[in-house]
Amino acid sequence: MSRLPSGPSNALFTTVRYLRDPFGSLLGAARKYGDPFTWPTFLGKMVVTGDPSGIKTLLSADPDIYEALGADLLAPVLGENNLILLSGERHRGMRKLQNPQFHGERLHAYGRLITSIADEHAGRWPLGQAFSIQKTMQAISLDVILQAVLGLGEPAARAAFRDAVLSIVAALKPSFMFIRALRRPMLGLSAWARFQRLRATSAALFEKELAARRASAEPREDILSLMLASRKEDGSAFGDEELLEQMISLIGAGHETTASALTWALYHVHRDPSVKARLVEEVRGLAAPLDPQAVTRLPYLDAVCSEALRLNPVAPIVGRTLRRGLTLQGYDLPPEISVGIGIVNLHRRADLYPEPEHFRPERFLSREYGPFEYLPFGGGSRRCLGAAFAVYEMKLVLATVLRSHSLRLIRDVPVRAALRNTTVGPASTIEMARD
Ligand code: HEM
């Protein structure tokens, strides 16, 4: 079949709906039009599937038939060296360089760092008073990533970068990201002008840090130092702008995502007393001081993290643009069309996940899900580079917090997911108190 599957026709309407209710809009489209469906976006038409066999077709295809989604449109905003926007050889080379930093021995080296940061933040939560769990999880995950990626152990330097990252993330608006015409200075008053100013301030801060790093002989193990010491395939060193864009991609992809996942996990755990009791008993059963490796082996904690990422995927959809034609579920898709994996559609399938709307960690204890049945980190050649790091961090933060503190939700009410800055997180503030 050479025609595209059916779907909604209006890109503006679909986008507005997605921004407000990302899960509802994707699930609603699949209900109305079937799987796959065609999704009109500002990046062009995207054919979306949440069906394991369709996903298998997409992820088993030669990676070179794909290009990063929206690379031309987003490069002027996110940087043309940003890993998320690279394709082909450059993408493979950059991943090869960064991959070891997020796995194996290197990952374990971050264990103590993560638990001490979580301890430090949780110790400051006021007793008996409401606080936003999302904000505190963001503070933890930002500190973790600034130390692991940039190696900023010194509190004053970390605070300066923390402010810079938070202001840039807040200034990054979908309006100018997706509509080129809005990238105008307008006498310095537009959202675009503000973003450019904040980016320039951060670049200056970063260049100062790079100069200090280059001048120092101190051996360091963070990702920035590794990239400073490494050479590209042509033998040349990375330039300042290239390094800055790589750091933006890692911090951008790694901080809000993990914070949202942790927020959802804490929220769901505290809505169900039996889940909470089982998890608290498991994490409190470990000997002190906490051994990070022992935490990774806890089965119920593992199931809780998996279930939080299933029910509330931080990225409900991931896409790529086709360079060559591809046949998907009987449709011959032409080049230039994009294809998407509807992660939320997959994760809410009742045949895979009975009572899919419910938070049931036990489902991950009684069944193993295959590579095309569970995809919170996407898949194939673009699978999340920080997936192992993120799960490790989630487990260590949850174990650290729940071992030492007793938390409760201020309001036990349903919370929707909405687009927040770059990822999908809770639409409203979730407050908790420490007793
Ligand atoms: C719970 C937390 C996280 C979730 C749910 C998540 C999810 C994702 C997803 C769905 C993708 C797109 C994959 C695809 O297109 O198939 C992605 C890409 C990526 N993530 Fe994560 N992520 C998380 C944390 C992190 C962390 C901590 C880092 C790094 C420190 C990171 C770095 C990246 C990078 C660099 C990419 C782009 C990979 C590429 O295009 O080759 N992520 N992530």
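How each quantity is defined
- Residues numbered from 1 in each chain as written.
- Predicted model: local features only at pLDDT ≥ 70, side-chain atom pairs only at ≥ 80, totals over all residues.
- Heavy atoms only, no water.
- Near = heavy atom within 4 Å.
- Polar contact = N/O pair within 3.5 Å; in protein donor to acceptor, adjacent residues only side chain to side chain.
- Helix = DSSP H or I, 4+ residues; strand = E, 2+ residues; numbered from the N terminus.
- Nonpolar A, V, L, I, M, F, W, Y, C, P; charged D, E, K, R; others polar.
- Salt bridge = Lys/Arg side-chain N within 4 Å of Asp/Glu carboxyl O.
- Buried < 20%, exposed > 50% of the residue type's maximum accessible area, 1.4 Å probe, protein only.
- Pairing = 2+ DSSP bridges.
- Axes fitted to C-alpha atoms, helices over the stretch in contact; angles between N-to-C directions.
- Contact = heavy atoms within 4.5 Å.
- Donors = N, O, S within 2.8 Å, 3.2 Å for Na, K, Ca; no water.

1. Remarks on the site of the ligand
Thought 1: Neighbouring residues of the ligand: 27 residues in total, closest His91, Arg95, Arg320, Gly379 and Cys384.
Thought 2: Interatomic distance of 2.6 Å between a side-chain N/O atom of His91 and an oxygen atom of the ligand.
Thought 3: For the shell around the ligand, the elements supplying multiple residues, two or more each, are α5 (88-98), α13 (240-271), β5 (317-322) and α19 (387-404).
Thought 4: The dominant element in the shell around the ligand, judged by the number of residues it contributes, is α13, at six residues.
Thought 5: For the shell around the ligand, a count of residues per class yields 17 nonpolar, seven polar and three charged.

2. Some remarks on the pattern of salt bridges
Thought 1: Throughout the structure, instances matching the rule amount to 25 salt bridges.
Thought 2: Salt-bridge contacts for Glu362 lead to Arg278; the nearest nitrogen and oxygen are separated by 3.7 Å. Linking Glu362 in the loop between α17 (343-347) and α18 (363-366) with Arg278 in helix α14 (residues 273-284), this pair joins segments that are 84 residues apart in sequence.
Thought 3: Taking the relative accessible area as the measure of exposure, Arg278 reaches 39% and is therefore partly exposed.
Thought 4: Where Asp435 meets Arg408, a salt bridge forms, and the shortest distance between an N and an O atom there is 2.9 Å. Of this pair, Asp435 sits in the segment after β12 (431-434) while Arg408 sits in strand β9 (residues 407-409); the two residues are 27 residues apart in sequence, bridging distant segments of the chain.
Thought 5: By relative accessible area, which is 35% here, Arg408 ends up partly exposed.
Thought 6: Several salt bridges converge on common partners, so that one network encompasses Glu209, Arg213, Arg220 and Asp222.

3. A short note on the pairing of strand β2 (residues 44-49)
Thought 1: Bridge count for strand β1 (residues 37-41) against β2 is five bridges, and the pairing is antiparallel. Along β2, the bridge assignment pairs Thr38 with Val47.
Thought 2: If you look at the hairpin formed by β1 and β2, you'll find two residues sitting between the two strands.
Thought 3: Bridge count for β2 against strand β8 (residues 338-342) is four bridges, and the pairing is parallel. Following the sheet pairing, Met46 is matched in β8 by Ser338.

4. Brief notes about the sheet that holds β5
Thought 1: Overall, mixed pairing links the five strands, which are arranged β1-β2-β8-β5-β3 in an open sheet. The open sheet is flanked by β1 and β3 (66-68), the only strands paired with a single partner. Going across the sheet, the axis of each strand differs from the next one's by a mean of 40 degrees, ignoring polarity.
Thought 2: Packing of helix α3 (residues 52-60) onto the sheet brings it into contact with β2, β3 and β8, and relative to β8 it is tilted by some 130 degrees.

5. Observations regarding the coordination of the iron atom of the ligand
Ideal geometry at a metal centre gives angles of 109.5 degrees when four donors are arranged tetrahedrally and 90 or 180 degrees when six donors are arranged octahedrally.
Thought 1: Only one protein atom coordinates the iron atom of the ligand: Cys384 (SG), located 2.3 Å from the metal.
Thought 2: Position of Cys384 among the secondary structure elements: in the loop between α18 and α19.

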